[in-house]
Amino acid sequence: MTILLGLLVFVALALVGWAIAEGKNKVMDYHNNDEEQQALDNTLEAQHKADFAELNIKDVIRTISTKGFKA
């Protein structure tokens, strides 16, 4: 009986924690200030100038060593 009670308390606490986390995400939002936005814009501009392209998983597997080193 105490195991069942402990399980119910655990589930209830988990649901309360989940509800708090979901509610916090919906109530509070984050906005970049001017300094952060300027830094982000500078970074994106530098990436575009260098022809930056985000790699997909096939590109990553092709470029990394998945076979290890030969002794």
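Residues numbered from 1 in each chain as written. Predicted model: local features only at pLDDT ≥ 70, side-chain atom pairs only at ≥ 80, totals over all residues. Heavy atoms only, no water.

## A closer look at the overall build of the chain
What the chain contains, in helices and strands, is three helices and zero strands. Here the chain has a C-alpha radius of gyration of 24 Å; the compact-globule value for 71 residues is 11 Å, and the former is much larger. Structurally, the chain occupies a C-alpha span of about 65 × 50 × 20 Å along its principal axes. Counting across all 71 residues of the chain, residues that qualify as buried make up 1%. Here the chain displays about 7300 Å² of accessible surface, and carbon together with sulfur accounts for 64% of that area. Separation between the mean location of the 7 positive side-chain charges and that of the 10 negative ones in the chain comes to 18 Å. (Helix = DSSP H or I, 4+ residues; strand = E, 2+ residues; numbered from the N terminus. Rg over C-alpha atoms; globule rule 2.2 N^0.38 Å. Buried < 20%, exposed > 50% of the residue type's maximum accessible area, 1.4 Å probe, protein only. Areas by Shrake-Rupley, 256 points an atom, 1.4 Å probe, with all protein chains shown as cover. Lys, Arg positive; Asp, Glu negative; His and termini not counted. Charge placed at Lys NZ, Arg CZ, Asp CG, Glu CD.)

## Structural notes on helix α1 (residues 2–27)
The periodicity of an α-helix, 3.6 residues per turn, causes residues three or four places apart in sequence to face the same way. Relative to the 38 Å expected for 26 residues at 1.5 Å per residue, α1 spans 37 Å between its end C-alpha atoms, a close match to the ideal helical length. For α1, the tally of buried residues reaches only zero of 26 residues, placing the bulk of the element at the surface. (Expected span 1.5 Å × (residues − 1).)

## Brief notes about helix α2 (residues 34–49)
Here α2 spans 22 Å end to end across 16 residues, near enough to the 22 Å set by a 1.5 Å rise per residue. Sitting at the amino-terminal end of α2 is N33, which places a side-chain oxygen 3.3 Å from the backbone nitrogen of E35. Where α2 ends, the next residue or the one after it, D51, has phi of about 55°, a positive value. (Polar contact = N/O pair within 3.5 Å; in protein donor to acceptor, adjacent residues only side chain to side chain.)

## Re the pattern of salt bridges
Applying the stated criterion to the full structure yields two salt bridges. Between K49 and E45 there is a salt bridge; the shortest N-O distance is 3.4 Å. Linking K49 with E45, this pair stays in helix α2, spanning four residues, or about one helical turn. Given the relative accessible area of 43%, E45 is considered partly exposed. Ionic pairing is found between D59 and R62, a salt bridge with its closest N-O pair at 2.7 Å. Here D59 pairs with R62, and both are found in helix α3 (residues 57–63), just three residues apart, close to one helical turn. (Salt bridge = Lys/Arg side-chain N within 4 Å of Asp/Glu carboxyl O.)

## Concerning the confidence of the model for the chain
Interpretation of the predicted coordinates at a detailed level should be avoided for regions scoring low in pLDDT. The pLDDT averaged across the chain works out to 87; a share of 90% of its residues lies at or above 70. Of all secondary-structure elements in the chain, the lowest mean pLDDT belongs to α3, at 83, while α1 reaches the highest, 94. (pLDDT = per-residue confidence, 0-100.)

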